[in-house]
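Structural overview for review
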Amino acid sequence: MTRLDTTHDPALRSWVESANDPATDFPIQSLPFGRFRLAGSLQAWRVGVAIGDQILDLTQAAELAGAWTDAERERLAPLAHGDLKAFMALGPIARRAVRAQLSQALREDSPLQTALAGCLVAQSQAVMGMPCDVGDYTDFYTSIHHATAVGKLFRPDNPLLPNYKYVPIGYHGRSSSLQVSGIGFHRPQGQLKGDAPEPRFAPTARLDHELELGALIGAGNEQGEPIAMANAEQHLFGLVLLNDWTARDIQPWEYQPLGPFLSKNFATTLSPWVVTMDALAPFRVHFQRPAGDPAPLPYLDSAANREQGAIAITLEVWLQTAGMRERGEAAVRLMQSNFRDAYWTLAQLVAHHTSNGCNLRPGDLLGTGTQSGPEPGQGGSLHELTQGGKQTIALPGGETRTYLQDGDTVILRAFCEGDGHRRIGFGDCAATVLPARAP
Ligand code: CA
């Protein structure tokens, strides 16, 4: 599954100078796809590729006379029409061909530099949309550290349920309330009970974030035809950051016996740039369970998955309160974890999801579940970092938090680096909590 080629060469430089900045999230080795339009315009969404602080507009680029061979122009056609999902559905061979083509075109000394320079849009001048319309959204629970920490708050003596090491636990989420980074949402109201004899209906007082990755499906499968582990990676297009906002006081009262519902489905924020599985190839790592744990059942196991099924992605949560913003203080980092510590791989999620014949479709979204690390302080939610609201977090300027306040902006960030490879990042996944609507 790891296919390194010339597009991953850490020595590659782009004629887009900002892409050569060591701190950029979007060097030429990454080339993530997203949908954008010019700020203030009513343009239809266009597909672009992030390069440094710019976007290569693929609608304009595809139209350049004499720039491409017929085959190259044909490959760009679905992208030129602004239809990222149609391109995602084509699968990894088409995706890799376009990646190689764009890598060549954006390299230093490319003969296309002069022509393509006119197809750049500054990211600061663009508004980003959802990468595609998501049909179905499933959220998993792949971090055993998160499952254990949250389980401890409910059941101190028996935190992990017996199915956890056998079943990649998940539930069907709701795609209608997915929204792209930068869009705020109102504090939801719901039934809160706590220890009171009766529930009351009120704004949540325990609003929380969840640090997750989202995998977007490329090619789908026919209903009734499971995807085997050997083919599972072929169905993954790429990853975004995902914040599964959660109302912790609505959740415990509503979740039994059918699982998460209104505590989750009021808003879920995605980062706009899809980092392709190809860009992540240099960061594939061993997938190994702790000694003594049961091996995955055969339909969730493969040698390739053991060798390189996991991905080393550093994940972070940052917070900026309204007060910090007013005082000109930068966001502060609350925690850091790594996706390599997940208990299930993306391939296992695809194989399990389809194992009963369930069909995945292009543009479907699989959330990884909150990614918490093994150490205290690596909780991917405030619920974990504050022990269920019992410990406060001290912020610069003297503020404290247990759960989120109105005006708080939560920013998820992620990056891959190391082993001599060029660092790549995901861009921000940010949103601000707005006050509850008046009843
Ligand atoms: Ca979640």
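Residues numbered from 1 in each chain as written. Predicted model: local features only at pLDDT ≥ 70, side-chain atom pairs only at ≥ 80, totals over all residues. Heavy atoms only, no water.

As for the state of the cysteines
Summed over the entire model, instances satisfying the criterion amount to 0 disulfides. Cys 429 supplies the cysteine sulfur nearest to Cys 132, a cysteine that is in no disulfide, at a spacing of 15 Å. The exposure class of Cys 132 is buried, given its relative accessible area of 3%. No disulfide involves Cys 358; its nearest neighbouring cysteine sulfur is the one of Cys 132, lying 17 Å away. (Disulfide = S-S within 2.5 Å. Buried < 20%, exposed > 50% of the residue type's maximum accessible area, 1.4 Å probe, protein only.)

With respect to a nonpolar patch on the surface
Taken together, the side chains of Tyr 166, Val 167, Leu 297 and Tyr 299 make up a nonpolar region of the molecular surface, amounting to roughly 340 Å² of accessible area. Relative to the helices and strands, Tyr 299 is located in the loop between strand E18 (284–285) and helix H9 (303–308). (Patch = residues over 30% accessible without salt bridge, like charges linked within 9 Å, V, L, I, M, F, W, Y side chains within 5 Å. Areas by Shrake-Rupley, 256 points an atom, 1.4 Å probe, with all protein chains shown as cover. Salt bridge = Lys/Arg side-chain N within 4 Å of Asp/Glu carboxyl O. Helix = DSSP H or I, 4+ residues; strand = E, 2+ residues; numbered from the N terminus.)

Some thoughts on the nonpolar core
The biggest cluster of nonpolar side chains holds 62 residues, and the ones touching the most others in it are Leu 239, Leu 241, Leu 280, Ile 311, Ile 313, Leu 346 and Phe 426. Ranked by residue count, the leading element in this core is helix H11 (residues 346–354), at 5 residues. Residues Ala 19, Leu 64, Leu 76 and Leu 365 belong to the second largest nonpolar core, which totals 43 residues. (Core = buried A, V, L, I, M, F, W, Y, C linked by side-chain atoms within 4.5 Å.)

Things to note about the layout of surface pockets
The calculated volume of the largest pocket comes to roughly 1,200 Å³. Elements with a minimum of two residues in the lining of the largest pocket: strand E6 (137–140), helix H6 (144–154), strand E7 (170–172) and helix H8 (251–254). If one sorts the elements of the lining of the largest pocket by residue count, H6 sits on top with 6 residues. Looking at the lining of the largest pocket residue by residue, the class counts come to 20 nonpolar, 13 polar and 13 charged. As for the second largest pocket, its lining consists of 18 residues, of which Ala 149, Glu 375, Pro 376, Glu 384 and Gln 387 are closest to the centre. Elements supplying a minimum of two residues to the lining of the second largest pocket: H6 and helix H12 (382–385). Take the lining of the second largest pocket: its biggest share by element is 6 residues, from H6. Class assignment for the residues of the lining of the second largest pocket results in 6 nonpolar, 9 polar and 3 charged. (1 Å grid on protein atoms, 1.4 Å probe; cavity = no way out; pocket = protein on both sides within 12 Å on 5 of 7 lines; lining within 4 Å. Points joined across faces, edges and corners; volume = space filled by probe spheres on them. Nonpolar A, V, L, I, M, F, W, Y, C, P; charged D, E, K, R; others polar.)

Any functional reading would require information that these geometric values do not contain.
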